[in-house]
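Reading the structure
Residue-level listing of the chains:
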Amino acid sequence: MAFLPRQALRPSHFLRLRQVVHRRVFNVRYLSGSAPLGNSNAESKVGKDQGTEATSKTTHFGFKDVPEYEKEELVREVFSSVAKSYDVMNDVMSFGVHRLWKDHFVAKLDPGRRPGGEPLSILDVAGGTGDIAFRMLDWASDIHNDHQSKVLVVDINDDMLKEGHKRSLTTRYADGSRIEFKVQNAEFLDAVPDNSQDLYTVAFGIRNFTNIPAALRAAHRILKPGGVFACLEFSKVNVGILDMIYQQYSFNIIPLMGQLVAADRDSYQYLVESIARFPSQKEFAGMIKDAGFEISGDGYEDLTFGVAAIHTGVKV
Amino acid sequence: MYLTSATIFVHNFKMPSSVIVRRMPAHLSKATFCRLRRRSYHSYDHLPYNPYTPSQEKILSSALKHVPEYGFVKQSLVQGCRDAGYLDTTHAVFQDGVFDLVKFHLYTERNKLAALKQQIDEEEGKSIGKRIRRYCTERLKANEPIISKWTEAIAIMGLPQNIPQSLEELAKLSDEIWFLVDNKTSDFDWYTKRASLAAVYSSTELYMTQDNSPRFEKTYKFLDRRLAVVQNAGSSISNMASWASFTCFASINLLQSQFSRG
């Protein structure tokens, strides 16, 4: 899956993802060691059978249950297959409203060095293609005249980061002095020192994490005291009738549109299922508090009747 | 989660001795604490609800000190975060942004009224009208330091997404004043009294924003006129009702006498 041709995905790639998912999900024996980061080529795994026992805990991958150590790899493969058409995928799923959500997210955080203050150090997690990172840098530069704040974009998927780096070359941040891309696991954030970041953002990524509480604890570790954790994510619609319509749309129409637009039904099916499995706004706010953050009011803001929600917390 | 946070609140909350203590009857369960949230009236069965954590209070109270200079804008909030020892980005955690600052001002000033009860009862005696006037003037005095920026706050409170909470704050203030005046009404007057006081107070506050007289004398005269209208309204409505009923019955009797004359 790392060797995608430059033109649109072909049915052969679609079939290969299906085979890999099928093998993993139905617990066929497979290679025990994980692939080196950045090489998510499924072919290297096929045919190397070794006796490995799946005795560890299971987690959910959409509506299927998979062993925990597999979820990371499966998620990586989903996003490798959609990296090139990520924007198209988002537009299909939300009718372009995701751009408004992201704009509102950045406006709410209002990043930027204030008069008399220090330049900001921002960490954008699971932000491979750089949507949020570019918006934050633009906001800081244009609204606050801040040309020093930096963003570190981390993602588990090298393909998404490569896509983001490619996009950054067409912006005013092409020299790389204000934006950096690194492959990291959000549950550990090895390369990020303690108490070093002013702002931690994660947009439409946290539902894919294998262990969300561990990611929240890692966020707590790397933030400075007073630093803000902000999460933009799909959530539960809070109006009953709209919720019914939304569920019908999600499960019937989105995978079909994915098949037509990007020839990848399985990835879209996973994405829709992962939204359904993500905890509700209040539950997630409780998880944020458990990780040691302090929240204000309810701790979240609903967007578009709860289709998406922004959760914020501060490290005290 | 609500139960835990409510229980922690109960253990950590310390009431100043000057505040009227409302005790909870022993037979009520802890589940009662969970229903603390959206109430705009006093209740003897519930302890008062403080929606702010200590760190939020610290940030917002330092932010209010910067309002006379910057106004009700993000910059005051950022300066407040800095003074309280937090980062510039910490302002993002307030869900309503600057409106949180406005609400905090309304909340703290409203809570200071209860401490004045003893003093006002001694000075004004039993007269309800005089005590209401006194509470209103004390509350208006609390706006004096930031009155130059208060129009900004009114504009923020008037935004459609903020209107429900602004009206709730006004209702709470009106209820607080009437409660402190010890009003024991238990019929429909409970609602009309609070509604009329809310109207009087909000119009006076609006007048105050454009008042340039020394020590805001014109504002307090305006307040007196509004309160007089309310007090007269009660008697004038009942006078009108008596006049209307007399006229009605007299007309009917006259007509009956015309018909019976043949």
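Residues numbered from 1 in each chain as written. Chains lettered and ligands numbered in written order. Predicted model: local features only at pLDDT ≥ 70, side-chain atom pairs only at ≥ 80, totals over all residues. Heavy atoms only, no water.

1. What about the overall build of chain B?
Here is the rule we go by: Going along the chain from the N terminus, every DSSP run of H or I of four or more residues is numbered as a helix, and every run of E of two or more is numbered as a strand. In this scheme, a residue with accessible area under 20% of its type's maximum is buried, one over 50% is exposed, and one in between is partly exposed, where area comes from a 1.4 Å probe on protein chains only. To measure how exposed things are, a 1.4 Å probe is used in the Shrake-Rupley method; for residues, cover is taken only from the protein chains shown.
Helices and strands together make up the secondary structure of chain B, namely ten helices and zero strands. Secondary structure elements in chain B, listed N-terminal to C-terminal, are α-α-α-α-α-α-α-α-α-α. The proportion of buried residues among the 262 residues of chain B is 42%. Only carbon and sulfur atoms are counted for the fraction: they give 60% of the accessible area of chain B, which is about 14700 Å².

2. Some words on the overall build of chain A
Within chain A one finds ten helices and ten strands. Scored against the burial criterion, the 316 residues of chain A give a buried share of 55%.

3. Things to note about the domain arrangement of chain B
Residues and elements named next belong to chain B. Spelled out, the test is: Domain delimitation follows an automatic or database domain assignment. The criterion used for residue contact is that any of the two residues' heavy atoms lie within 4.5 Å. Summed over both partners, the accessible area lost on bringing two parts together, with a 1.4 Å probe, is the buried area. A pairing counts as a salt bridge when a side-chain nitrogen of Lys or Arg comes within 4 Å of a carboxyl oxygen of Asp or Glu. Distance and chemistry together define a polar contact, namely a pair of N or O atoms within 3.5 Å, with one atom able to donate a hydrogen and the other to accept it when in protein, and with adjacent residues in sequence counting only for side-chain atoms on both sides. Under the scheme applied, nonpolar residues are Ala, Val, Leu, Ile, Met, Phe, Trp, Tyr, Cys and Pro; charged residues are Asp, Glu, Lys and Arg; polar residues are all the others, including Gly.
Here chain B is partitioned into domain 1 (53-94) and domain 2 (98-236). Taken together, the 16 residues of domain 1 in the interface contact 13 residues of domain 2. Summed over both partners, the interface of domain 1 with domain 2 comes to about 1200 Å²; 80% of that surface belongs to carbon and sulfur atoms. Considering only the surface of domain 1 that becomes buried against domain 2, Leu60, Leu64 and Phe72 emerge as the three largest contributors, covering 53% of it. The interface formed by domain 1 and domain 2 contains zero salt bridges. In this assembly, domain 1 and domain 2 are joined by one residue pair in polar contact (both at pLDDT 80 or more). Among the secondary structure elements, those contributing two or more residues to the side of domain 1 that touches domain 2 are helix 2 (54-70) and helix 3 (74-83). Ranked by residues supplied to the side of domain 1 that touches domain 2, first place goes to helix 2 with nine residues. Looking at the side of domain 1 that touches domain 2 residue by residue, the classes come out as ten nonpolar, three polar and three charged.

4. Quick look at the packing of helix 2 of chain B against helix 4 (residues 98-111) of chain B
Residues and elements named next belong to chain B. How we decide: Orientation is described by lines fitted to C-alpha atoms, with helices fitted over the stretch in contact, and by angles between N-to-C directions that extend from 0 to 180 degrees. Any angle between 65 and 115 degrees counts as roughly perpendicular, while under 35 counts as roughly parallel, over 145 as roughly antiparallel, and the rest as oblique.
Following both chains from N to C, one finds helix 2 and helix 4 inclined at 95°, their axes separated by 10 Å at the closest point. The pairing of helix 2 with helix 4 is recorded here as roughly perpendicular in orientation. Along the contact surface, helix 2 presents Glu57, Leu60, Ser61, Ala63, Leu64 and Val67, while helix 4 presents Asp100, Leu101, Phe104 and His105. Across the contact of helix 2 with helix 4, the residue classes tally to six nonpolar, two polar and two charged.

5. Describing the interface of chain B and chain A
With 22 residues of chain B in contact, the opposing surface of chain A contributes 28 residues. Between chain B and chain A lies a buried interface of about 2000 Å² when both sides are counted; carbon and sulfur atoms form 51% of it. When the buried area of chain B at its contact with chain A is split by residue, Thr89, Val93 and Gln95 of chain B rank highest and sum to 29% of it. Between chain B and chain A we count one salt bridge in total. Counting every contact that joins chain B to chain A gives nine residue pairs in polar contact (both at pLDDT 80 or more). Among the secondary structure elements, those contributing two or more residues to the side of chain B that touches chain A are helix 1 (2-12), helix 2 and helix 3 of chain B. Partitioned by chemical class, the residues of the side of chain B that touches chain A number eight nonpolar, nine polar and five charged.

6. Section: empty space enclosed by the protein
Unoccupied space between atoms shows up once a probe the size of one water molecule is rolled over them. All names here are of chain A. Put simply, the test is: Within this scheme a cavity is a closed region of a 1 Å grid, computed over the protein atoms alone, that accommodates a 1.4 Å probe without allowing it to escape, whereas a pocket is open but has protein on both sides within 12 Å along at least five of seven lines; lining residues each have an atom within 4 Å of a point. Grid points are joined across faces, edges and corners, and a volume is the space filled by probe spheres set on the points.
Within the structure shown, the criterion is met by five cavities of 30 Å³ or more. By volume, the largest cavity amounts to about 300 Å³. Along its surface, the largest cavity is lined by 23 residues, and Val75, Ala126, Ile156, Asn208 and Phe209 are the ones closest to its centre. If you list the elements that add at least two residues to the lining of the largest cavity, you get helix 2 (68-82) and strand 4 (150-155). If one sorts the elements of the lining of the largest cavity by residue count, helix 2 sits on top with five residues. Residue composition of the lining of the largest cavity, grouped by class: twelve nonpolar, six polar and five charged.

7. Section: the packing of helix 4 (residues 97-109) of chain A against helix 5 (residues 131-143) of chain A
Two numbers describe a pair of packed helices, the interaxial angle and the distance between the axes. Residue and element names in this part refer to chain A. Note the cut-off: Crossing handedness is read from the near helix: turned anticlockwise from the far helix by less than a right angle, it gives a left-handed crossing, and turned clockwise, a right-handed one.
Relative to each other, helix 4 and helix 5 sit at 45°, their axes nearing to 10 Å. Relative to helix 5, the element helix 4 lies oblique. When you trace helix 4 past helix 5, the crossing you get is right-handed. On the side of helix 4, the interface is formed by Arg99, Lys102, Asp103, Phe105, Val106 and Ala107, while helix 5 contributes Asp131, Ile132, Arg135, Met136 and Trp139. Of the residues belonging to the contact of helix 4 with helix 5, the class tally is six nonpolar, no polar and five charged.

8. Brief notes about the side chain of Asp100 of chain B
Structurally, Asp100 of chain B is set in helix 4. Residue class for Asp100 of chain B comes out buried when judged on its relative accessible area of 7%. One polar contact links the side chain of Asp100 of chain B to the main-chain amide nitrogen of Gln95 of chain B, over a distance of 3.4 Å. Non-local contacts of Asp100 of chain B, meaning those with residues more than four positions away in its chain, are made with Ser296 of chain A together with Tyr52, Leu60, Phe94 and Gln95 of chain B.

9. Quick notes on helix 6 (residues 128-141) of chain B
All names here are of chain B. To keep it simple, the criterion reads: Here the expected span of a helix is defined as 1.5 Å times the quantity of residues minus one.
Over its 14 residues, helix 6 extends 20 Å from the first C-alpha to the last, a length consistent with the 20 Å expected when each residue adds 1.5 Å. Looking at helix 6, one finds that the buried residues are Arg131, Ile132, Arg134, Tyr135, Cys136, Thr137, Glu138, Arg139 and Leu140. Turning to helix 6, the residues buried within the fold contact helix 4, helix 5 (117-124), helix 8 (163-180), helix 9 (189-208) and helix 10 (217-261).

10. Describing unusual backbone geometry
The phi angle at Phe204 of chain A is positive, at roughly 55°, despite the residue not being glycine. Position of Phe204 of chain A among the secondary structure elements: in the loop between strand 6 (197-203) and helix 7 (212-222). Classification of Phe204 of chain A as buried rests on a relative accessible area of 6%. Phi is positive for Phe216 of chain B, which is not a glycine, with a value near 55°.

11. Details of the side chain of Thr201 of chain A
Tracing the sequence through the fold places Thr201 of chain A in strand 6. Of note is the side chain of Thr201 of chain A, whose polar atom sits 3.0 Å from the side chain of Asp124 of chain A.

12. Side note on the packing of aromatic side chains
Residue and element names in this part refer to chain A. Basically, it comes down to this: Stacked, edge-to-face and tilted labels apply to pairs of Phe, Tyr and Trp rings (six-membered ring for Trp) whose centres lie within 6.5 Å, assigned for plane angles under 30 degrees, over 60, and everything in between, in that order.
Counted according to the given criterion, the structure contains 14 aromatic pairs over all chains. Taking 4.2 Å as the distance between ring centres and 15° as the angle between the ring planes, the aromatic pair formed by Phe61 and Tyr270 counts as stacked. In this pair, Phe61 sits in strand 1 (residues 58-61) while Tyr270 sits in helix 9 (residues 265-277), placing the two residues 209 residues apart along the sequence. Phe61 sits in the buried class, given a relative accessible area of 4%.

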